[in-house]
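# Secondary and tertiary structure notes
The primary structure of each chain is shown beneath.
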Amino acid sequence: MSDLEDTNAAMTTGAQYPYRRLLPQAPLLAAATGRTPAHRPVWFMRQAGRSLPEYREIRAGIGMLESCFNPELVCEITMQPVRRHGVDAAILFSDIVVPLKAAGIDLDIVAGTGPVVASPIRSAADVAVLPRLRTEEVGAVTAAISLLTRELGDTPLIGFAGAPFTLASYLVEGGPSRNHERTKALMHSDPHTWHALLGSLADTTITFLKAQLHAGVDAVQLFDSWAGALSLAEYRKFVLPHSERVFAEVAEAGVPRIHFGVGTGELLGAMGEAGADVVGVDWRIPLDEAARRVGPGKALQGNLDPAVLFAGWDAVEREVRRVAGEADRAVAAGAIGHIFNLGHGVLPDTDPGVLTAAVELVHSL
């Protein structure tokens, strides 16, 4: 597609999404859509917060969920890594349980534990009374996006949501789980209730993503953080149809759609089928092997091990170059582009200076 055609396509989309910025030269959007970026784009999952001292300072005494519903605070935290590191995208500061909380589900994010649900979902009756999200309930999030699109200039903003399976896991288990035993028990013992639950959560995810898209985000990422706990057969039967529906419902926005999970090397082919334009790959699978599993026609995102950032600069440089080399081989094998990222999120004790230096190195490759 020529630059003129690309601009015209963006203008057509803009009629439906009036707050969408036109960013035809943004390297991340170019790599995600099969065009040639000016340089290899890079951003980091969980870059908005965690490792930055300015983040810890501004969040002092403010709960995680409280922070996520404060538009000015969300804007500032989202901007911090863009200013500090020079990354090629901002990702909205939020959490995957935000739409559940907004819809009225009694949950909290407990420091050191994660999301904790007061009344876990265990039956068809529980699913029947599960609240559905209304767009106006995430008005604070869309207000933050409006602030960000004015602040970011030519830097794209990535919105995100949790995938139906991962949200279901939190709701059924009552919080984070190592084995997901209650989730799998419901899945296998009562498929009808399981699919009703994931259908409801897909509705919530779609509403949340559409709200972000109408507010002006430039790409979206669907996090299926716990999908790696599943076999390929389980994923195809119990999860894939609902993720497919999410991606199909947001396709008309015309922005890159990214799909990511942890420990999903055996699921990459099926995850690629779900409808995303970009498949995120964790650090366990080389990108050229991931390209073979995903198949041609998709861009790849990843996949430096976050722990390598603690190994000293010589090791970091070596591993960054290795990932970039594997990505180049992946493109030669049929992937349409590469977005450099970690294989999961930035760890809290990561040296921010190492991240900044990694961005500069990636841009030079």
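Residues numbered from 1 in each chain as written. Predicted model: local features only at pLDDT ≥ 70, side-chain atom pairs only at ≥ 80, totals over all residues. Heavy atoms only, no water.

Take the layout of surface pockets next. Estimated volume of the largest pocket: approximately 1100 Å³. Of all the secondary-structure elements, those providing two or more residues to the lining of the largest pocket are α3 (53–59), β2 (107–110) and β3 (114–117). (1 Å grid on protein atoms, 1.4 Å probe; cavity = no way out; pocket = protein on both sides within 12 Å on 5 of 7 lines; lining within 4 Å. Points joined across faces, edges and corners; volume = space filled by probe spheres on them. Helix = DSSP H or I, 4+ residues; strand = E, 2+ residues; numbered from the N terminus.)

Moving on to the UniProt feature "binding site: substrate" (unreviewed entry) in the protein chain. Residues given the UniProt feature "binding site: substrate" (unreviewed entry) here are Arg46, Gln47, Ala48, Gly49, Arg50, Asp95, Tyr170, Ser225 and His344. These residues run over 299 residues, and the two farthest C-alpha atoms among them are 23.0 Å apart, placing them at more than one spot. For the largest pocket, the lining residues drawn from the annotated set are Arg46, Gln47, Ala48, Arg50, Asp95, Tyr170, Ser225 and His344. Within the fold, Arg46 resides in the loop between α2 (27–32) and α3. Tracing the chain through its elements places His344 in the loop between β9 (338–342) and α16 (352–364). (UniProt positions renumbered as here; feature names shortened; annotations may be inferred.)

All right, on to the packing of aromatic side chains then. Under the criterion given, the structure shown has five aromatic pairs. Consider the rings of Tyr55 and Phe93, whose centres lie 5.8 Å apart with planes at 65°: the pair is edge-to-face. With Tyr55 in helix α3 and Phe93 in the loop between β1 (90–91) and α6 (98–103), this residue pair connects regions lying 38 residues apart in the sequence. Look at Phe93 and you get buried, because its relative accessible area is 5%. (Phe/Tyr/Trp six-rings, centres within 6.5 Å; stacked < 30°, edge-to-face > 60°. Buried < 20%, exposed > 50% of the residue type's maximum accessible area, 1.4 Å probe, protein only.)

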